[in-house]
Amino acid sequence: MTNERLINVLIVENEMISGQHMALQLKTLGYHVSGIMLQGEDALIHLKQNTPDLILLDINLNGELDGIETAKIIQQDYKIPIIYVTANCDDANFNKAKTTNPYGFISKPFKKQQLQRNIELSLNRFYSENNSTTTPTANEEDKLPFILSDCIFVRHQDKMVKVQINNILYIEAERNYSRIYSKNKEYLIVATLKDLNDKLPNHHFIRIHRSFIVNISQIDEISTSHIVISKKAIPISSESKKQLLQRIQKI
């Protein structure tokens, strides 16, 4: 059983046919659909048991709550990026939607690429607002994965995949690329080891060699000149070893 999972998206759409079409587009883009809810009230019940990574929310919903009222309630209890989806994009609806500070606004009908870009931009903004490390520059945003406190989102075979930080073993440099080794898979990403070292939470990771960053919690052995993680011997300098031991003592 794999510990990595696809990004979870909840669809709240007043027409089932439109919701199913949206779900099909999301699945072909590599996302997982946690559910299709027809009313705001249903979405609120769903959230109590299933918390998605992102919500696609129709403004014009049937029931007592419209999309904007639903968004306001969600924002009181959850930190989830919301993208509005609507066939009615007049100024009145748009200005009303703006008051909830959404992560995106898509007018129906839309193309699959437009949907994908809105989702990626929304996750990037969510990362920037909720990560305590320095916000990446425009150039860095194109190549770095989205890094949150407990997971990172990496691009894998044209999909954005969530990898839990506690499942990452170590990261190895490969010139201008880095290879992430998790318990179940490997991910080659377009980012240098320095880029990752600057962004990863330092209470989980430490750079012990010019070519390696390791997850401290995954270390099995510490020897004179190397450490062992999952039967992999990784070289470590005397200075890095001293820093590692100090970190472990603090933990």
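Residues numbered from 1 in each chain as written. Predicted model: local features only at pLDDT ≥ 70, side-chain atom pairs only at ≥ 80, totals over all residues. Heavy atoms only, no water.

## Here we look at the confidence of the model for the protein chain
Should pLDDT be low for a region, the predicted coordinates there are not to be read in detail.
Move 1: The share of residues in the protein chain with pLDDT of 70 or more is 89%, and the mean pLDDT across the chain is 85.
Move 2: Overall, residues 132–143 carries pLDDT values under 50, and its contacts beyond four positions in sequence, including any with other chains, amount to 16 contacts. (pLDDT = per-residue confidence, 0-100. Contact = heavy atoms within 4.5 Å.)

## Some words on the sheet that holds strand S2 (residues 8–12)
Move 1: With respect to topology, 5 strands assemble into an open sheet ordered S3-S2-S4-S5-S6, the strand pairing being parallel. Sheet topology places strand S3 (32–37) and strand S6 (104–107) at the edges, where each strand pairs with a single neighbour. Direction aside, the axes of adjacent strands within the sheet are offset by 20° on average.
Move 2: By the bridge criterion, 4 bridges tie strand S4 (residues 54–58) to strand S5 (residues 82–86) in an arrangement that is parallel. Counterpart to Ile55 in the pairing with S5 is Ile82.
Move 3: Strands in contact with helix H1 (residues 16–28) are S2, S3, S4 and S5; relative to S3, the strand with the most contacts, it is inclined by about 175°.
Move 4: Across the sheet, helix H2 (residues 40–47) touches S2, S3 and S4, and the angle it forms with S3 is around 135°. (Pairing = 2+ DSSP bridges. Helix = DSSP H or I, 4+ residues; strand = E, 2+ residues; numbered from the N terminus. Axes fitted to C-alpha atoms, helices over the stretch in contact; angles between N-to-C directions.)

## Overview of the packing of aromatic side chains
Move 1: In the structure shown here, the tally under the stated rule is 5 aromatic pairs.
Move 2: Ring geometry for Phe94 and Phe105: centres 5.0 Å apart, planes at 85°, overall edge-to-face. Of this pair, Phe94 sits in helix H4 (residues 91–98) while Phe105 sits in strand S6, and the two are 11 residues apart along the sequence.
Move 3: Centroid distance Tyr103 to Phe126: 6.3 Å. Interplanar angle 55°. Geometry classified as tilted. Linking Tyr103 in the loop between H4 and S6 with Phe126 in helix H5 (residues 112–130), this pair joins segments that are 23 residues apart in sequence.
Move 4: According to the relative accessible area criterion, Tyr103 is buried, its value standing at 18%.
Move 5: Residue classification places Phe126 among the buried residues on the basis of a relative accessible area of 14%. (Phe/Tyr/Trp six-rings, centres within 6.5 Å; stacked < 30°, edge-to-face > 60°. Buried < 20%, exposed > 50% of the residue type's maximum accessible area, 1.4 Å probe, protein only.)

## Focus on the environment of Leu54
Move 1: You can see Leu54 is positioned in strand S4.
Move 2: Between the C-alpha atom of Leu54 and that of Phe126, which follows or precedes it by 72 residues, the distance is 9.8 Å.
Move 3: Residues within four places of Leu54 in sequence aside, it is in contact with Asn8, Val9, Leu10, Ile80, Pro81, Ile83, Ile119, Ser122 and Leu123.

## So, the layout of surface pockets
Move 1: A volume near 220 Å³ is recorded for the second largest pocket.
Move 2: In terms of lining, the second largest pocket is formed by 16 residues, of which the most central are Asp53, Lys79, Phe126, Leu148 and Asp150.
Move 3: Going through the elements one at a time, H5, strand S8 (151–156) and strand S9 (159–164) are the ones with two or more residues in the lining of the second largest pocket.
Move 4: A total of 3 residues in the lining of the second largest pocket trace back to one element, the largest contributor, which is H5.
Move 5: For the lining of the second largest pocket, the residue count by class is 8 nonpolar, 4 polar and 4 charged. (1 Å grid on protein atoms, 1.4 Å probe; cavity = no way out; pocket = protein on both sides within 12 Å on 5 of 7 lines; lining within 4 Å. Points joined across faces, edges and corners; volume = space filled by probe spheres on them. Nonpolar A, V, L, I, M, F, W, Y, C, P; charged D, E, K, R; others polar.)

## Concerning the sheet that holds strand S15 (residues 221–222)
Move 1: Spatially, the 3 strands line up as an open sheet ordered S15-S16-S17, and their pairing is antiparallel. Strand pairing shows two members of the sheet lacking a second neighbour, S15 and strand S17 (232–235), which therefore form its edges.
Move 2: In the sheet, S15 pairs with strand S16 (residues 226–229) via 2 bridges, with the strands oriented antiparallel. Bridge pairing links Glu221 to Val228 in S16.

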